[in-house]
There are 2 protein chains.
Amino acid sequence: MSLVVVGTMAYDSIKTPFGQRDWALGGSATYFAHSASFFTKVKLVAVIGEDFDDKDLGALRDCGVDTQGVVRAPGKSFHWQGEYGFELNEANTLDTQLNVLAGFDPQLPDSYKDAEYLFLANIDPKLQQKVMDQAANARLVACDTMNFWIEGALDELKKTLERVDILIINDGEARMLAKTPSIVKAAREIRSMGPSTLIIKRGEYGAVLFHEDEIFYAPAYPLEQVFDPTGAGDTFAGGFMGHIARMNEEKLNGRLLRQAIIMGSVMASFNVEKFSMDRLKELERKEIAARFRQFKRLSHFEDLGGDL
Amino acid sequence: MSLVVVGTMAYDSIKTPFGQRDWALGGSATYFAHSASFFTKVKLVAVIGEDFDDKDLGALRDCGVDTQGVVRAPGKSFHWQGEYGFELNEANTLDTQLNVLAGFDPQLPDSYKDAEYLFLANIDPKLQQKVMDQAANARLVACDTMNFWIEGALDELKKTLERVDILIINDGEARMLAKTPSIVKAAREIRSMGPSTLIIKRGEYGAVLFHEDEIFYAPAYPLEQVFDPTGAGDTFAGGFMGHIARMNEEKLNGRLLRQAIIMGSVMASFNVEKFSMDRLKELERKEIAARFRQFKRLSHFEDLGGDL
C-alpha cells in the first residue's frame, strides 16, 4: 500500500565525538523514505534547492521511492549544522539555514492523493494540516513535531493533533506538551488532544506505545558505539509506518503496532551505526529480519509457571 | 534456601513533591529483607541504635525474617534525610548521621554461616569483604555499591568485585565505575573486574542484564505517580535475590536471571507507590503474581512469522 511522507530534504553538517561530515544527505523525509522503502512503496513530498545533487534523488528512486512530489525551487537546499556531545543524547544545533524550506508549500501530485498511509514529519503544523486537506482518503495519519512548535505554535499544533491517528514524539517533547514529568500522565493528556495512539521515543532507552488500554515498552538495541544519531527518529518512523503499510491490516491493533515499533527500533539501530544515510544505503533485508529476532531475545522472559 | 543480607537499618526523613515523612523506617537491609521475605527465608545482619523501635523489628520477624544477626549498639540508629525533586530521579541528601553505623562490624551468627545466597547491600567494601570471609560456603554472592565508594575507596571496591558473582548498580554508577558513557562498553569493563553477571538499574527506564553473551532489557512498570523512590533499588535486589533463592536452581542461567529481574522490578514498582515500607507491608502474594503477568504483557511482541 502506498505511503506518503511530507518533510524536509537537507544537507547536514554533523560533528560527533567520532568524526565529522559536511554536507551529508539529511532531512526528515529523506531518512523516513530510505527506511520505509524496505517495506512499501513510498511517495515523497519535499522541496529542494538548485544545489541538491541529482545522485541523491536518484538513490532514492533506486530504492523505489516516488519523487514526483519533490519540487526544486530557486535557491539553496535546507541546511542544518549540529554537534553531539559524548553522551549523544541531544544535538546541539549550531546553525539552521532554512533556504528553500522557508517558502515550502507542499502540493501532493494527483497520483499521491489516494494514498492510504500518511506521515507528516516535523514541519510547521499549518503545513501538516494543508497536506491532510489534500489526502482526504488517508486511512491512517501519523505525525511528528518538536519543541519549536510546542513552544511557538501550540494552537496550530493542537489543530493538527485533533486530526491525526498517531503521534510519534520523544519524551522531552511529550513532557513539554503535556506539562508533566510523568510519562503515563503525559500520555493521557496528549491522547485527549486527538491522537488515539501515542509513541514516545526515549533514545537509548527505547520507545513506549500507548494504544487503547495497552502500554508496550520496546527496548533499544544495545550498541557499542552510536556514531551519528542524526535521523534516528525519522528512520524509526519509516520502519514503523513502512511495516504498517506493508501489513495493511484492516484495523490498527496492538499486535501490529508492537511489531511496527520493534521494526522502527530495528531500522533506527542500523541508522546510527554510520554517518548520514550510509548504513541504510548498504542495508539488506536479511539483516533487518535478523535484528528483529535479536530484539525478541532482548526482551523475552518466561512466565512464572505457577503461583508464588 | 536461606539468604543472608548485610546492610543498613535506618530511620529516614523524606520529602517528595507528594508529601513528607519523618523518622520513617528505612535502610538498605530493611527494604531488601521485607522484599525478599515474600520468596524465601531471609537472615538479616545489621546494627541498630538504642532508639530503634521493637515494633519495627517485630514486623520483620512477622514476615519470617531472622533477626538474630541484628545487633543493638549504644547510641542512635543511622539516620538519612533526603529530598526528591519533581522528576524523582535522584535524591538530594540533606543530612546523613551515621551514628551506630560508624562502628558497624558485621558478625554472622553461627546459624547464618552456611547460607547459600548472600547479598551485600551498599556498605563499606571492606565490610563487604569481611562478610564474605565469614560466609565461605555461599554459592552465590551479589552486591551493590554507590558513587561514594567508587570515588573514595576504589581499590577496596575492586577487591570486593573480584569476589562477587553479581553486581547490581544504577547506570550513573556503572558509567562512573567504567569511565565510559556507553552502557555496553561499561558492562564489558565492569565484568572484567570480577562479577560475571551485571545488572544495571535505570530507574523509570527499567533494568538491563548482562550475563554470558546475553543482554536482557526489563521494562519499568508504568506508574501514574511515584510517591517515594526511597529503597527502590534494595527492594529490587530483594525480589531478584529472593526469586533466585526460592528457585534454588543448580546453575545460574539466563532464564532464571530474566525472571528474577522482572521479579525485582515488580517489587520495586510496588514499593514506590507509598512512603517508606508502607506498600510492602500490605502487599499480598497474588498481587505480585498479577503484576508479573502485567510485565509480560508490557514487553511481549510476536515474531514476524515470515521473511521480509
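For the structure itself, look to the data block above.
Q: I'd love a proper account of the overall build of chain A, names of residues and values included.
A: The number of helices and strands found in chain A is 11 helices and 13 strands. Computed over its C-alpha atoms, the radius of gyration of chain A comes to 18 Å, within 12% of the 19 Å expected for a compact globule of 308 residues. Dimensions of chain A, computed from the C-alpha atoms along their principal axes, are close to 70 × 40 × 35 Å. By the burial criterion, 62% of the 308 residues in chain A qualify as buried. Here the contacts in chain A between residues at least 6 apart in sequence split such that 65% fall between residues at least 24 apart. When the accessible surface of chain A is split by element, carbon and sulfur atoms take 47% of a total near 12100 Å². The averaged location of the 45 negative side-chain charges in chain A is 3 Å from the averaged location of its 35 positive side-chain charges.

Q: Could you give an account of the pattern of salt bridges, naming the residues involved and the relevant values?
A: Inspection of every chain in the model, using the stated rule, returns 44 salt bridges over all chains. Here A:Arg72 makes a salt bridge to A:Asp54, at a shortest N to O gap of 2.9 Å. Placement of A:Arg72 in strand 5 (residues 66-72) and of A:Asp54 in helix 2 (residues 54-62) is noted, with a sequence separation of 18 residues between them. A residue is classified by how much of its surface remains accessible, and A:Arg72, at 38% relative accessible area, is partly exposed. Residues A:Arg297 and B:Glu214 are paired through a salt bridge, measuring 3.4 Å at the closest nitrogen-oxygen approach. Of this pair, A:Arg297 sits in helix 11 (residues 285-299) while B:Glu214 sits in strand 13 (residues 214-218), placing the two residues on different chains. Judged by relative accessible area, which is 46%, A:Arg297 ranks as partly exposed. Salt bridges linked by common partners bring A:Glu273, A:Lys274, A:Arg279, A:Glu282, A:Glu287 and A:Arg291 together as one network.

Q: Please set out the sheet that holds strand 10 (residues 166-170) of chain A residue by residue, giving values where relevant.
A: All names here are of chain A. Spatial ordering of the open sheet is given by 5-4-1-8-9-10-11-12-13, a layout of nine strands whose pairing is mixed. The strands lining the two open edges of the sheet, one partner per strand, are strand 5 and strand 13 (214-218). The average angle at which neighbouring strand axes cross in this sheet is 15 degrees, direction not considered. In the sheet, strand 12 (residues 207-211) pairs with strand 13 via five bridges, with the strands oriented antiparallel. Bridge pairing in strand 13 places Phe210 opposite Ile215. Taken strand by strand, helix 2 contacts strand 4 (42-48) and strand 5, and its axis lies near 155 degrees from that of strand 5.

Rules of the game
Residues numbered from 1 in each chain as written. Chains lettered and ligands numbered in written order. Predicted model: local features only at pLDDT ≥ 70, side-chain atom pairs only at ≥ 80, totals over all residues. Heavy atoms only, no water. Helix = DSSP H or I, 4+ residues; strand = E, 2+ residues; numbered from the N terminus. Rg over C-alpha atoms; globule rule 2.2 N^0.38 Å. Buried < 20%, exposed > 50% of the residue type's maximum accessible area, 1.4 Å probe, protein only. Contact = heavy atoms within 4.5 Å. Areas by Shrake-Rupley, 256 points an atom, 1.4 Å probe, with all protein chains shown as cover. Lys, Arg positive; Asp, Glu negative; His and termini not counted. Charge placed at Lys NZ, Arg CZ, Asp CG, Glu CD. Salt bridge = Lys/Arg side-chain N within 4 Å of Asp/Glu carboxyl O. Pairing = 2+ DSSP bridges. Axes fitted to C-alpha atoms, helices over the stretch in contact; angles between N-to-C directions.

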